[in-house]
Amino acid sequence: MKLRSLLYVPAHLARFIDKAHQRGADAIILDLEDSVPAASKLSARQGLADSARKTGQLGATIFVRINSEADLQFDDAAAACRAGAYGLVVPKVQTVEGLDRLAAYLAPLAHELGRDPMPFICLIEDPATVFDARALAAHPRVLGMALGSEDFATMMGAEPSPDVLRLPKLLVHMAAKAHGKLSFGLLRSIADYADSGAMQTATIEAKTFGFDGATCIHPSAIPFLNTGFSPTEAECDWARRLIAGADKAATENRGAFAFEGRMVDAPVLSRARAILAKVGRDGEDG
């Protein structure tokens, strides 16, 4: 399953839902939270089954971003479960206990429906929780992590500039990677989608740091997210040649070996294998 690009779609607006499957995103996040006005939240929730069917018809993975308020969160999650969404995007996550409660609430419903439990993507949106991100990343239901840039900056009394967001995004990123979870985001706000050059540069930077993909709020970002978070042919070629060199070294009973002017050991070999794992054993995208 690829999750390079995750497109937010307001779950109450048919004109966006009807076209979302054509945008080429790896995943669609049907949003019940910030992009939906209070008066439309109930109807958006009630329409999830139809929205999930429409947006997933070409194979995109479907997530639902639920609300954080207690009087909405569990009903949102249950509706997403019944609608067949793959997973939840859980905003304003603060405690492991909160994730436990949500998982426990959904368990009997998933069993009743005969479906797999839904994984969670956690949005960290306040300064205190950044420092607790490792504990959240360790939760067994957590698939991935991301920093909610706009809410985080607001709580800091700051502007959501790349300089402000860089450190907290990297801290959440490292927490996710420490537990083998996916990490989503660019080292800037996705709200600045109109600056395509800056967004493309940020995608390349994020990939260099090991981010797996990013959310977006406008379909114009999808092509360069998909391209930017995919291994290049040059990277695949390097990985294949390095692995061939490792195989030769193994027949000669050597652990480390020289490759293109540098010594290669197990971590570098693991990185090469991870590159090819993203595109399949034959090196083809798919």
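Source: prediction; values computed, not measured.

Scoring rules and cut-offs
Residues numbered from 1 in each chain as written. Predicted model: local features only at pLDDT ≥ 70, side-chain atom pairs only at ≥ 80, totals over all residues. Heavy atoms only, no water. Helix = DSSP H or I, 4+ residues; strand = E, 2+ residues; numbered from the N terminus. Rg over C-alpha atoms; globule rule 2.2 N^0.38 Å. Buried < 20%, exposed > 50% of the residue type's maximum accessible area, 1.4 Å probe, protein only. Contact = heavy atoms within 4.5 Å. Areas by Shrake-Rupley, 256 points an atom, 1.4 Å probe, with all protein chains shown as cover. Lys, Arg positive; Asp, Glu negative; His and termini not counted. Charge placed at Lys NZ, Arg CZ, Asp CG, Glu CD. Expected span 1.5 Å × (residues − 1). Phe/Tyr/Trp six-rings, centres within 6.5 Å; stacked < 30°, edge-to-face > 60°. Lys NZ or Arg CZ within 6 Å of the ring centre and 35° of its normal. Axes fitted to C-alpha atoms, helices over the stretch in contact; angles between N-to-C directions. Parallel < 35°, antiparallel > 145°, perpendicular 65-115°, else oblique. Left-handed = near helix turned anticlockwise from the far one by under 90°. Nonpolar A, V, L, I, M, F, W, Y, C, P; charged D, E, K, R; others polar.

Notes on the overall build of the protein
Looking only at helices and strands, one finds 13 helices and 10 strands in the protein. Against the compact-globule benchmark of 19 Å for 286 residues, the protein has a radius of gyration of 20 Å, which places it among compact chains. With the C-alpha coordinates aligned to their principal axes, the bounding extent of the protein is approximately 65 × 45 × 35 Å. Per-residue burial for the protein yields a buried fraction of 49% across its 286 residues. Residue pairs in contact within the protein that sit at least 24 positions apart in sequence constitute 65% of those at least 6 positions apart. Just so you have it, the protein exposes about 13800 Å², and 55% of that area is on carbon and sulfur atoms. Charged side chains in the protein number 31 positive and 35 negative. The centres of these two groups are separated by 4 Å.

Remarks on helix α5 (residues 96-113)
Here α5 is 18 residues long and its end C-alpha atoms lie 26 Å apart, about the 26 Å a rise of 1.5 Å per residue gives. Listed in full, the buried residues belonging to α5 are Leu99, Leu102, Ala103, Leu106, Leu109 and Ala110. At the exit of α5 stands Gly114, carrying a positive phi of roughly 70°.

A short note on the packing of aromatic side chains
In this structure the tally under the stated criterion is two aromatic pairs. The interplanar angle of 85° and the centroid separation of 5.7 Å between the aromatic rings of Phe63 and Tyr86 together place this pair among those described as edge-to-face. Pair noted here: Phe63 is in strand β3 (residues 61-65) and Tyr86 is in the loop between α4 (70-83) and β4 (87-90), with a separation of 23 residues, a long-range link. Taking NZ or CZ as reference, Arg15 lies 4.7 Å from the ring centre of Phe16, over its face.

Considerations on the packing of helix α12 (residues 233-251) against helix α13 (residues 266-277)
Contact geometry for α12 and α13: axes closest at 9 Å, N-to-C directions at 130°. The angle between the axes of α12 and α13 places the two elements in the oblique class. Pair α12 / α13 crosses with left-handed handedness. Along the contact surface, α12 presents Glu235, Cys236, Trp238, Ala239, Arg240, Leu242, Ile243 and Ala246, while α13 presents Val268, Leu269, Ala272, Arg273, Ile275 and Leu276. Looking at side-chain class alone, the contact of α12 with α13 contains 11 nonpolar, no polar and three charged residues.

With respect to the environment of Pro160
In this fold, Pro160 is placed in the loop between α8 (149-156) and α9 (162-178). Using a relative accessible area of 22% as the deciding quantity, one classes Pro160 as partly exposed. Taking the C-alpha atoms as reference, Pro160 lies 7.4 Å from Arg188; in sequence the two are 28 residues apart. Setting aside residues no more than four positions away along its own chain, Pro160 makes contact with Ser149, Glu150, Ala153, Leu165 and Ser189.

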